[in-house]
Amino acid sequence: MLSERKLKLDDTDRLLLLGTNDEHLRLIERRFQTSIVVRGEDLILRGDSDEVKTIERIFDELKFVLRRTGELSSYDVESVLELVLGEDGERHIPTSGELVYSGNKIQIRARTPNQKQYVDLARKSDITFAIGPAGTGKTYLAVALAVAALRNGDVSRLVLSRPAVEAGESLGFLPGDMQEKVDPYLRPIFDALLEMMGGEKLKILMEKRIVEIIPLAFMRGRTFNNAFVILDEAQNTTTVQMKMFLTRIGRGSKAIVTGDITQTDLPRHKESGLRHVREVLQHVDGISFMYFDKRDVVRHKLVAEIIHAYEQAEKDSSDV
């Protein structure tokens, strides 16, 4: 069935979206039979109704990336095409657009099937472990879920934490006071909160201790009731630290633990608490495990290729 659809571009930078000399548009046109015509501030789509819906979904995803990063590259366009079409080029509309958080002029959605499953598990479970490579949205979606829970009144505070473990450096030898030492480790979480809440609101909530961003070591001896607690980079916890964190969770609270077990920065003689916890808590009711892979990477296209190259190198070395 033939269809015609008009897409408005008046809220989007046309040059950034379509690319220099419409290079982004050309990448999309090569995948479809549908006619795509630029007319003023509109895109006119004419073609098979299923194709038109698919192209509309592609432009929605591209607008999301543009709002999120302020820029759009040909790699981003190709990544979105792979997300919507699949690596084999077979057209499909993934059931992964579920809204996670909307606020501060942004909308955050689960963008792959595994991300949708992750969001569903996190909403149902008291404790959720999200394990997988960089760029799969583990932390970003966890923060979005936490901010949404706070806004909806499901919890009364947010506690976000990371272990202060670094690759090749000792924290004590870094310059500055303790706050300046730990800031680099907590900055990714702070940046996500800043984007979702805005600077002024986040400042007020932190001053009231409704939102806390703290190193893992500062959690010892505390109990968090009616809170949404996130532990990021959990592959860098020891087994003792992981147990300490999990036993901080109090009544009415929810926790998400994220990490990548392939990128542990702990000394060789120390076992990762994230690796160990999979064996200990795998079958405990109320606890869920979600595993991501390179197909869920929503960063630069090369991130997925880098992950694949390292996986292949590790496989080759184990076969020797």
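Residues numbered from 1 in each chain as written. Predicted model: local features only at pLDDT ≥ 70, side-chain atom pairs only at ≥ 80, totals over all residues. Heavy atoms only, no water.

Engineer: It is not clear to me how helix α3 (residues 49-69) should be interpreted in this structure. Could you clarify?
Structural biologist: In an α-helix there are 3.6 residues to a turn, and that puts residues three or four apart on one side. Here α3 is 21 residues long and its end C-alpha atoms lie 31 Å apart, about the 30 Å a rise of 1.5 Å per residue gives. The buried fraction of α3 is high, at 15 of 21 residues. Residue Asp48 occupies the N-cap position of α3, its side-chain oxygen lying 3.0 Å from the main-chain nitrogen of Asp50. (Helix = DSSP H or I, 4+ residues; strand = E, 2+ residues; numbered from the N terminus. Expected span 1.5 Å × (residues − 1). Buried < 20%, exposed > 50% of the residue type's maximum accessible area, 1.4 Å probe, protein only. Polar contact = N/O pair within 3.5 Å; in protein donor to acceptor, adjacent residues only side chain to side chain.)

Engineer: What should I look at first to understand the packing of aromatic side chains in this one?
Structural biologist: Scanning all chains against the criterion turns up three aromatic pairs. Measuring from ring centre to ring centre gives 4.7 Å for Phe129 and Phe289, while their planes differ by 10°; the resulting arrangement is stacked. With a gap of 160 residues between them, Phe129 in strand β6 (residues 127-131) and Phe289 in strand β11 (residues 287-291) connect regions that are remote in the sequence. Taken together, a centroid distance of 6.5 Å and an interplanar angle of 15° make the contact between Phe289 and Tyr291 stacked. (Phe/Tyr/Trp six-rings, centres within 6.5 Å; stacked < 30°, edge-to-face > 60°.)

Engineer: Explain the pattern of salt bridges to me, please; I cannot follow it from the model alone.
Structural biologist: Proximity of charged atoms lets side chains of opposite charge pair with each other. Within this structure, the stated rule accounts for twelve salt bridges. Glu212 is paired through a salt bridge with Arg157; the nearest N and O atoms lie 2.3 Å apart. Highlighted residues: Glu212 in strand β8 (residues 211-215) and Arg157 in strand β7 (residues 157-162), separated in sequence by 55 residues. A single burial state applies to Glu212 and to Arg157, both of which are buried. Put simply, Arg209 and Glu212 hold a salt bridge, and the shortest N to O gap is 3.0 Å. A cluster of three or more residues bridged by salt bridges with shared partners is formed by Arg157, Arg209, Glu212 and Arg222. (Salt bridge = Lys/Arg side-chain N within 4 Å of Asp/Glu carboxyl O.)

Engineer: Looking at this model, I keep getting lost on the pairing of strand β2 (residues 35-39). Mind explaining?
Structural biologist: Consecutive side chains along a regular strand alternate between the two faces of the sheet. As paired elements, β2 and strand β3 (residues 42-48) share five bridges and run antiparallel to each other. If you follow Val37 over to β3, its bridge partner there is Ile44. (Pairing = 2+ DSSP bridges.)

Engineer: Would you mind going over unusual backbone geometry with me for this structure?
Structural biologist: The bulk of non-glycine residues show a negative phi, and the bulk of peptide bonds are trans. A positive phi angle, near 60°, is found at Asp22, a position not held by glycine. Looking at the secondary structure, you find Asp22 in the loop between α1 (14-18) and α2 (23-29). One non-glycine residue, Arg209, lies in positive phi territory at about 60°. Along the chain, Arg209 turns up in the loop between α8 (199-207) and β8. In this structure Arg209 comes out as partly exposed when scored by relative accessible area, which is 49%.

Engineer: It is not clear to me how the sheet that holds β3 should be interpreted in this structure. Could you clarify?
Structural biologist: Hydrogen bonding along the main chain pairs the strands of a sheet, whether they run parallel or antiparallel. The strand order across the open sheet formed by three strands is β1-β3-β2, and the pairing between neighbours is antiparallel. With one partner strand each, in any of the chains shown, β1 (2-8) and β2 form the two edges of the open sheet. Each neighbouring strand pair of the sheet contributes to a mean axis angle of 15°, computed without reference to strand direction. α3 rests against β1, β2 and β3 of the sheet, and its axis sits at about 145° to β3. (Axes fitted to C-alpha atoms, helices over the stretch in contact; angles between N-to-C directions. Contact = heavy atoms within 4.5 Å.)

Engineer: Explain the sheet that holds β8 here, please?
Structural biologist: If you trace the six strands from one edge of the open sheet to the other, you get β8-β7-β9-β10-β6-β11, paired in parallel fashion. One side of each edge strand has no neighbouring strand; the edge strands of this open sheet are β8 and β11. For this sheet, the mean inter-axis angle between neighbouring strands, taken without regard to orientation, is 15°. Across five bridges, β7 lies against β8 in parallel orientation. Directly across from Arg162, in β8, lies its bridge partner Pro215. Packing of helix α5 (residues 113-124) onto the sheet brings it into contact with β6, β10 (254-259) and β11, and relative to β11 it is tilted by some 170°.

Engineer: Before we go on, may I ask you to explain the confidence of the model for the chain in this structure?
Structural biologist: Where the model shows low pLDDT, its predicted coordinates should not be examined in detail. Per-residue confidence for the chain averages 82 on the pLDDT scale, and 84% of its residues sit at or above 70. Here residues 87-96 scores under 50 on pLDDT; set against residues more than four positions off or in separate chains, the count is 25 contacts. Taken as a whole, residues 166-171 scores under 50 in pLDDT and shows eight contacts with residues more than four places along the chain or in a different chain. (pLDDT = per-residue confidence, 0-100.)

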